[in-house]
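Coordinate analysis (summary)
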Amino acid sequence: RPLVALRGVTKRYRTGTLALNGIDLSIRQGEFVALLGASGCGKSTLLRILAGLSAPSSGSIDWPQAAHDASGDPLRDIGFVFQEPTLMPWATVMRNVTLPLELAGVNRTEAEDRAAEWLARVELKGFEKAYPRALSGGMRMRVSIARALVTRPRLLLMDEPFAALDEITRFRLNNDLLQLWAADRFTVVFVTHSVFESVFLAERIVVMAPRPGRIAEEVAVAVEGA
Ligand code: ADP
Ligand code: ADP
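Labelled according to an unreviewed UniProt entry, the protein chain appears under the name Nitrate/sulfonate/bicarbonate ABC transporter ATP-binding protein, originating from Roseomonas fluvialis. On record in UniProt, under Sequence similarities (unreviewed entry), the comment for the protein chain is "Belongs to the ABC transporter superfamily."

So this is what it looks like as structure tokens:
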């Protein structure tokens, strides 16, 4: 059973733009999928639909492994990382990462233990009391990744997360993300317009075609040693 299965998903915005046109896509638990395509081909729209932030105009999305709430909606278990780190500027790095846990009802002490563990995993040990503005763009991105993963979501959605960072920082973050994934095997859907990044990171590359908002091709990437 896939983690999520989209069938015939179409999205037409109120402006008339047909952003997605009949997307069929299944994602397995633990898979690292890159969504690759030029800008305007519908990658962000597809991600927002997976996140439940936008509804498809037609077609279906099934979460066969998810529990459902009283009205039958799937309880999605998702972490989201955007290109612009959406950290709270008035809160410390620690508080930014504990907040999702506290919202989930975890007590403060345990939340701080878990957040400290994730901050160490993203190489931010020692920065717990810093404020986001004191950090570089790459470090802020690391905080965003820790915040997205601290609740251990099944699915991590990343929308061109590293596109605004310099090449070296970006390469380091790609390496570190891959290590986190190899250790924990959460499912990742990673939107990018970089062929290099998608080949480096993903087990499967879903290439989107411009204009019609369709999947042009799916490419399986051979993993070293596999
Ligand atoms: P990508 O992420 O690949 O750049 P998007 O999903 O952002 O593509 O956009 C796909 C198409 O839908 C584009 O033509 C874009 O202008 C349009 N679009 C995106 N969001 C909206 C919106 N909220 N309302 C109207 N049109 C939109
Ligand atoms: P949804 O049905 O997914 O909520 P909407 O069609 O309601 O999407 O559009 C969401 C908002 O994005 C609207 O307020 C719209 O004005 C705005 N928007 C319109 N065109 C674009 C565009 N090309 N890219 C991004 N946002 C857009």
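Some points on the site of ligand 1
Neighbouring ligand 1 are 13 residues, the closest being G40, G42, K43, S44 and T45. Take G42: an N or O atom from its main chain is 3.0 Å from an oxygen atom of ligand 1. The contact in question runs from an oxygen atom of ligand 1 to an N or O atom on the side chain of T45, over 2.5 Å. Here ligand 1 loses 65% of its free accessible area of 570 Å² to cover by the protein chains. If one sorts the elements of the shell around ligand 1 by residue count, helix α1 (residues 43-51) sits on top with four residues. For the shell around ligand 1, the class distribution of residues is four nonpolar, seven polar and two charged.

Side note on the nonpolar core
By size, the foremost hydrophobic cluster in this structure holds 40 residues, and its most contacted members are F32, I145, L156, M158, F162, L177 and F190. When contributions to this core are tallied by element, the ones reaching two or more residues are β3 (32-36), α2 (93-103), α3 (108-121), α4 (137-149), β6 (155-159), α5 (167-184) and β7 (187-192). Examining the composition of this core, we find that six residues originate from one element, α4, more than from any other. Of all hydrophobic cores here, the second largest spans 25 residues; its members include V4, L35, A51 and L157.

A look at the pattern of salt bridges
Side-chain pairs of opposite charge can arise where the charged atoms are in close proximity. Scanning the entire structure with this criterion turns up twelve salt bridges. Between D62 and R7 there is a salt bridge, and its shortest N-O distance comes to 2.9 Å. Residue D62 is found in strand β4 (residues 58-62), and its partner R7 is found in strand β1 (residues 4-12); the two are separated by 55 residues along the sequence. The exposure class assigned to D62 is partly exposed, which follows from its relative accessible area of 33%. Looking at R7, the relative accessible area reads 46%, which means it is partly exposed. The residue R28 makes a salt bridge to E31 at a minimum N-O spacing of 3.6 Å. Assessed through its relative accessible area of 52%, R28 is described here as exposed.

Details of the sheet that holds β4
The sheet built from three strands is open, its strands ordered β2-β1-β4 with antiparallel pairing. Edge positions in the sheet fall to β2 (18-27) and β4, since each has one partner strand and no second. Direction aside, neighbouring strands of the sheet carry axes that sit 15 degrees apart on average. One ladder, built from four bridges, connects β1 with β4; its direction is antiparallel.

Criteria and thresholds
Residues numbered from 1 in each chain as written. Chains lettered and ligands numbered in written order. Predicted model: local features only at pLDDT ≥ 70, side-chain atom pairs only at ≥ 80, totals over all residues. Heavy atoms only, no water. UniProt positions renumbered as here; feature names shortened; annotations may be inferred. Near = heavy atom within 4 Å. Polar contact = N/O pair within 3.5 Å; in protein donor to acceptor, adjacent residues only side chain to side chain. Areas by Shrake-Rupley, 256 points an atom, 1.4 Å probe, with all protein chains shown as cover. Helix = DSSP H or I, 4+ residues; strand = E, 2+ residues; numbered from the N terminus. Nonpolar A, V, L, I, M, F, W, Y, C, P; charged D, E, K, R; others polar. Core = buried A, V, L, I, M, F, W, Y, C linked by side-chain atoms within 4.5 Å. Buried < 20%, exposed > 50% of the residue type's maximum accessible area, 1.4 Å probe, protein only. Salt bridge = Lys/Arg side-chain N within 4 Å of Asp/Glu carboxyl O. Pairing = 2+ DSSP bridges. Axes fitted to C-alpha atoms, helices over the stretch in contact; angles between N-to-C directions.

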